[in-house]
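This is what each chain is made of:
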Amino acid sequence: MKDRYGRVIDYVRISLTDRCNLRCIYCMPEEGIELLKHEDILRYEEILKLCSAFIKIGISTFKLTGGEPLVRKGVPEFIRELKALPGTREVTLTTNGVLLGKMANELVDSGIDRINVSLDTMDAEEFRRLTRFDKIDTVLDGIDKLIKLGYENLKINTVPIQPIKPEDIIKLADLARNKPISVRFIELMPIGEGTEYSGSSSELIMSILEDKYGLAKAYQGKLGNGPANYVKFDKFKGYIGFIEALNSKFCGSCNRIRLSSTGFLKLCLHYDYGVDISGFINKLSVDELAEKLAEIIYDKPKAHMLGHKTEHTENKRMNQIGG
Ligand code: SAM
Ligand code: SF4
């Protein structure tokens with residue numbers, strides 16, 4: 001479907017839970033969060049019904065996120081059911097990787113189309129500082145396991161947090177040098193706990209990488225559903241990507257909406273605009289739901305105002321929004 005500004009909306013990020021087994025400093029407070037009650041979280045059947053309605057209005061690419069989506073029970077089976085809906089184009093997952101090793105076989109068998117692993121550093125000490133947990137080996141083993149299983153649709157998402165170390169950036173990029181996976185550097189957004197930290201510009205990351213590997217070639221093709229720009233370095237098996245939410249606004253071509261784990265349909269990452277649709281799911285038929293969703297999504301805001309506070313600025317944390 002198109003919104004009032006003519007943008008094609010075809011992608012929804014679905015948060016399966018606000019719970020997480022890490023506490024990234026820029027995403028969640030150390031003491032954790034007040035957890036939602038189980039009865040407030042949408043059941044899988046409810047999400048599937050909503051997805052059938054999304055498909056009817058042309059939104060057929062589903063990204064599963066969280067909190068940490070893999071801490072919710074039954075995710076592989078849910079992926080299988082979501083993929084089996086007539087009209088689903090793609091089901092992808094973003095995860096911190098902690099449970100990947102344990103769940104790799106099940107996930108590959110579920111038919112998941114792509115897995116993005118969030119990994120902000122290759123340094124064990126820094127991983128502990130950033131996530132407040134000592135789990136880097138568990139995450140790296142999980143990535144290796146997926147690769148050993150022959151799973152190829154893997155990306156690494158990195159949010160570099162100051163102070164960054166050039167050698168760490170190079171080690172992260174080396175994942176794309178040695179393996180056929182893409183590594184994407186993402187600008188930290190001033191949302192929730194993120195307001196307390198500084199990220200890194202893509203120019204800085206690029207200069208570190210070009211100093212080491214020579215000039216990169218821009219890649220014009222499309223990889224995935226997101227707003228990343230990709231480059232390729234000589235002899236790299238994978239691509240290096242950059243996502244710059246702040247520097248280059250991509251709102252004009254934004255294709256996405258977000259569904260929280262409690263059923264709040266959020267129209268723009270930065271705004272608190274949205275509608276709680278949890279109350280409609282069981283009352284309406286799939287066709288009626290589709291009509292309702294289309295009405296709500298039509299009003300997606302034109303652009304974000306990151307960097308400017310407005311009365312509608314989002315005050316939630318990223319673990320509640322899903323990234
Ligand atoms: N737990 C999963 C994970 O870490 O991939 C899924 C949820 S997490 C909120 C999704 C993504 O949002 C992660 O890649 C995380 O690094 C990113 N994120 C969290 N806070 C952010 C911020 N303030 N700016 C940019 N990215 C952020
Ligand atoms: Fe958890 Fe992901 Fe937030 Fe880190 S970024 S605290 S892994 S939800």
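The structure reproduced in this document is the subject of the present report. (Residues numbered from 1 in each chain as written. Chains lettered and ligands numbered in written order. Predicted model: local features only at pLDDT ≥ 70, side-chain atom pairs only at ≥ 80, totals over all residues. Heavy atoms only, no water.)

### What about the site of ligand 1?
Right, on to step 1. For ligand 1, the set of nearby residues contains 17 residues, the closest of which are Tyr 26, Gly 67, Thr 94, Ser 118 and Met 189.
Right, on to step 2. Thr 94 is positioned with one of its side-chain polar atoms (N or O) 2.9 Å from an oxygen atom of ligand 1.
Right, on to step 3. Out of a free accessible area of 550 Å², ligand 1 has 93% covered by protein chains.
Right, on to step 4. Looking at the shell around ligand 1 residue by residue, the classes come out as six nonpolar, nine polar and two charged. (Near = heavy atom within 4 Å. Polar contact = N/O pair within 3.5 Å; in protein donor to acceptor, adjacent residues only side chain to side chain. Areas by Shrake-Rupley, 256 points an atom, 1.4 Å probe, with all protein chains shown as cover. Nonpolar A, V, L, I, M, F, W, Y, C, P; charged D, E, K, R; others polar.)

### Examining the site of ligand 2
Right, on to step 1. Within the structure, ligand 2 sits among Cys 20, Leu 22, Cys 24, Cys 27, Met 28, Gly 67 and Asn 96.
Right, on to step 2. Broken down by class, the residue content of the shell around ligand 2 amounts to five nonpolar, two polar and no charged.

### Things to note about the environment of Arg 256
Right, on to step 1. Structurally, the position occupied by Arg 256 is in strand β10 (residues 256-259).
Right, on to step 2. Distance from Arg 256 to Gly 74, taken between C-alpha atoms, is 25 Å for residues 182 residues apart in sequence.
Right, on to step 3. For Arg 256, the contacting residues outside a window of four places in its chain are Ile 9, Tyr 11, Arg 13, Asn 225, Gly 226, Pro 227, Leu 267 and Lys 300.
Right, on to step 4. Within polar-contact distance, the side chain of Arg 256 engages the side chain of Asn 255 at 3.2 Å. (Helix = DSSP H or I, 4+ residues; strand = E, 2+ residues; numbered from the N terminus. Contact = heavy atoms within 4.5 Å.)

### A short note on the pattern of salt bridges
Right, on to step 1. Within this structure, the stated rule accounts for 14 salt bridges.
Right, on to step 2. The partner of Arg 80 in a salt bridge is Glu 77, with the nearest N and O atoms 2.7 Å apart. Of this pair, Arg 80 and Glu 77 both sit in helix α2 (residues 75-84), separated by three residues, roughly a single helical turn.
Right, on to step 3. The exposure class assigned to Glu 77 is partly exposed, which follows from its relative accessible area of 40%.
Right, on to step 4. What you see here is one network of salt bridges that share partners, running through Arg 43, Glu 45 and Glu 46. (Salt bridge = Lys/Arg side-chain N within 4 Å of Asp/Glu carboxyl O. Buried < 20%, exposed > 50% of the residue type's maximum accessible area, 1.4 Å probe, protein only.)

### Some points on the layout of surface pockets
Right, on to step 1. Reported here for the second largest pocket is a volume of approximately 250 Å³.
Right, on to step 2. A class-by-class count of the residues in the lining of the second largest pocket yields five nonpolar, two polar and six charged. (1 Å grid on protein atoms, 1.4 Å probe; cavity = no way out; pocket = protein on both sides within 12 Å on 5 of 7 lines; lining within 4 Å. Points joined across faces, edges and corners; volume = space filled by probe spheres on them.)

### Remarks on the sheet that holds strand β9 (residues 240-243)
Right, on to step 1. On the basis of which strands lie adjacent, the open sheet formed by 12 strands has the order β7-β8-β9-β6-β5-β4-β3-β2-β1-β10-β11-β12 and mixed pairing. The strands lining the two open edges of the sheet, one partner per strand, are β7 (217-219) and β12 (274-276). Here the strands of the sheet are splayed against their neighbours by 25 degrees on average, with no regard to which way each runs.
Right, on to step 2. Taken together, the four bridges between strand β3 (residues 90-95) and strand β4 (residues 114-118) define a ladder with parallel strand orientation. Among the inter-strand pairings, Thr 95 is bridged to a residue of β4, identified as Val 117.
Right, on to step 3. Relative to strand β5 (residues 154-158), helix α5 (residues 136-148) is tilted by about 155 degrees, and along the sheet it contacts β4 and β5. (Pairing = 2+ DSSP bridges. Axes fitted to C-alpha atoms, helices over the stretch in contact; angles between N-to-C directions.)

### Details of the nonpolar core
Right, on to step 1. The biggest cluster of nonpolar side chains holds 75 residues, and the ones touching the most others in it are Phe 54, Ile 115, Ile 240 and Ile 297.
Right, on to step 2. Among the elements that line this core, the one with the most residues is helix α1 (residues 44-56), at eight residues.
Right, on to step 3. In this structure Ile 297 touches Met 1, Asp 3, Ile 9, Phe 54, Ile 57, Ile 59, Ile 257, Leu 265 and Leu 267, once residues within four positions along its chain are discounted.
Right, on to step 4. In terms of nonpolar packing, the next biggest core, distinct from the first, is built from 21 residues, Ile 186, Leu 188, Ala 228 and Tyr 230 among them. (Core = buried A, V, L, I, M, F, W, Y, C linked by side-chain atoms within 4.5 Å.)

### Comments concerning empty space enclosed by the protein
With a probe scaled to a water molecule rolled over the atoms, the places where space remains empty come into view.
Right, on to step 1. Within the structure shown, the criterion is met by one cavity of 30 Å³ or more.
Right, on to step 2. What the largest cavity holds in volume is close to 50 Å³.
Right, on to step 3. Mapped onto the lining of the largest cavity, the elements with two or more residues apiece are β6 (182-186), α7 (202-213) and β9.
Right, on to step 4. Residue classes in the lining of the largest cavity are distributed as six nonpolar, three polar and two charged.

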